Amino acid sequence: MKVQANPVFVRQLYSGAHRSRFFWLLSGYVLLQGLLIWGALYLIGTGTFGGDDARISLAAILSSARQLYWFSSLLLLLAGGWLAPIAAIGELTGESEHRTFDLLRTTTLTSQAIVLGKWEMALLNGLLLLLAPLPMQLLGFWLGGVTVTELLLTQFFLFVVLMMNTALALAISARVRKTWIAVLIFYGIILGVIAFVGGGALFLSVEDIFPLLLPTAASLWQKALLQYGWVLLVGLHPLSAAISSVSLCAEQGAWFLLEFPVSIGGPSVTSPTVLLPAPWLTHTLLALPATAFLLWRTARRIARPEV
């Protein structure tokens, strides 16, 4: 059976391939990524990140390679989560601004096909942003800084973040007719979630408030959630999930389930332990159904005659 490509995706692909602006922007983006990674290499080489010991050892090389890998991965996370969705925002608002949306809806394409075509094009643009500087990211892997498991999980998480944020951008653009307003709303949501997660995690990290919030006969899970609820909370945002996962998972040597001792009172009492998902896993489990829901809502939205 021959699988036919989405007509909206094909049209966007051919029209974008004839524009040189995207390739110039991509070249500038790769150049900027290279300069930032070169700067990180310089700081690592001069001992700014690794200390003043100038002796070269295998441990120092592995440590520097690990720092370089996670720094470049952080740059790719920001590109996939904050930069790539901007193209998705213009996919639907651009149709409204150029008065071509009504013509698109007069075709035999369903609203689901229109949304999926726009989303696929946004994913392709985002994948180019993630794959273009990939050799620079892999430099830390080739030097032995991270394992194959860490490499695969990083790429998977970057793709999940790209899917979620482009779907969010499309959902916003379906409700707003001006691109600049949609951009402000998108970044407002991103920064608002960061503020909420940061404030909530800071609040839960204050141990002195535990006796004030816990009931007298609190269960083990109530105590565990109050003491380590921040581990779940930081999974709501990809940036906090990534940073906390690197720290926690490297400390415990596990990348899926993390073990935490729960303080139940009294130094002589043996502390039981609870298993919580790693922050990146929490974000992934939330992002996948949220992506499907946002695409479904976007298709429902553009199917209305008044849109």
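Residues numbered from 1 in each chain as written. Predicted model: local features only at pLDDT ≥ 70, side-chain atom pairs only at ≥ 80, totals over all residues. Heavy atoms only, no water.

## Examining the overall build of the protein chain
- Tallying secondary structure elements over the protein chain gives 13 helices and two strands in all.
- Excluding contacts between residues fewer than 6 apart, the proportion of contacts in the protein chain whose partners are at least 24 apart in sequence is 76%.
- For the protein chain, the accessible surface area stands at approximately 16,900 Å², while carbon and sulfur atoms represent 70% of it. (Helix = DSSP H or I, 4+ residues; strand = E, 2+ residues; numbered from the N terminus. Contact = heavy atoms within 4.5 Å. Areas by Shrake-Rupley, 256 points an atom, 1.4 Å probe, with all protein chains shown as cover.)

## Re the packing of helix 6 (residues 111–131) against helix 13 (residues 279–302)
- Running from N to C, helix 6 and helix 13 cross one another at 125°; their axes reach a closest spacing of 8 Å. In terms of axis orientation, helix 6 runs oblique to helix 13. Helix 6 and helix 13 meet at a crossing whose hand is right-handed. Judged by residue contacts, S111, Q112, I114, V115, L116 and W119 of helix 6 engage T291, L295, T298, A299 and I302 from helix 13. (Axes fitted to C-alpha atoms, helices over the stretch in contact; angles between N-to-C directions. Parallel < 35°, antiparallel > 145°, perpendicular 65-115°, else oblique. Left-handed = near helix turned anticlockwise from the far one by under 90°.)

## Some points on the nonpolar core
- Among the nonpolar cores identified, the biggest contains 61 residues, and W119, F157, F186, F260 and W280 are the most heavily contacted of them.
- No other element matches the 15 residues that helix 8 (residues 148–173) contributes to this core.
- In this view, F260 contacts Y228, V231, L248, Q252, P272, T273, V274 and L276; residues no more than four positions away in its chain are not counted. (Core = buried A, V, L, I, M, F, W, Y, C linked by side-chain atoms within 4.5 Å. Buried < 20%, exposed > 50% of the residue type's maximum accessible area, 1.4 Å probe, protein only.)

## Describing the pairing of strand 2 (residues 273–277)
- A one-sided burial pattern is seen for strand 2, the buried positions being V274 and L276 and the unburied ones T273, L275 and P277.
- Taken together, the five bridges between strand 1 (residues 257–261) and strand 2 define a ladder with antiparallel strand orientation. Across the sheet, residue L257 finds its bridge partner in strand 2, namely P277. (Pairing = 2+ DSSP bridges.)

## Comments concerning the packing of helix 8 against helix 13
- For the pair helix 8 and helix 13, the least separation of the axes is 9 Å and the interaxial angle reads 30°. Between helix 8 and helix 13, the angle falls in the class roughly parallel. With respect to the hand of their crossing, helix 8 and helix 13 are arranged in left-handed fashion. Two secondary-structure elements touch here, helix 8 through L153, F156, F157, V160, V161, M163, M164, A167, L168, L170 and A171 and helix 13 through W280, H283, T284, A287, L288, A290, T291, L294, L295 and T298.
- Considered class by class, the residues forming the contact of helix 8 with helix 13 number 17 nonpolar, four polar and no charged. (Nonpolar A, V, L, I, M, F, W, Y, C, P; charged D, E, K, R; others polar.)

## Thoughts on the packing of aromatic side chains
- In this structure the tally under the stated criterion is six aromatic pairs.
- With a centroid separation of 5.0 Å and 75° between ring planes, the pair formed by Y69 and W70 is classed as edge-to-face.
- A relative accessible area of 0% means that Y69 is categorised as buried.
- Assessed through its relative accessible area of 18%, W70 is described here as buried.
- Within the aromatic cluster, the residues linked to one another by ring pairs are Y69, W70 and W255. (Phe/Tyr/Trp six-rings, centres within 6.5 Å; stacked < 30°, edge-to-face > 60°.)

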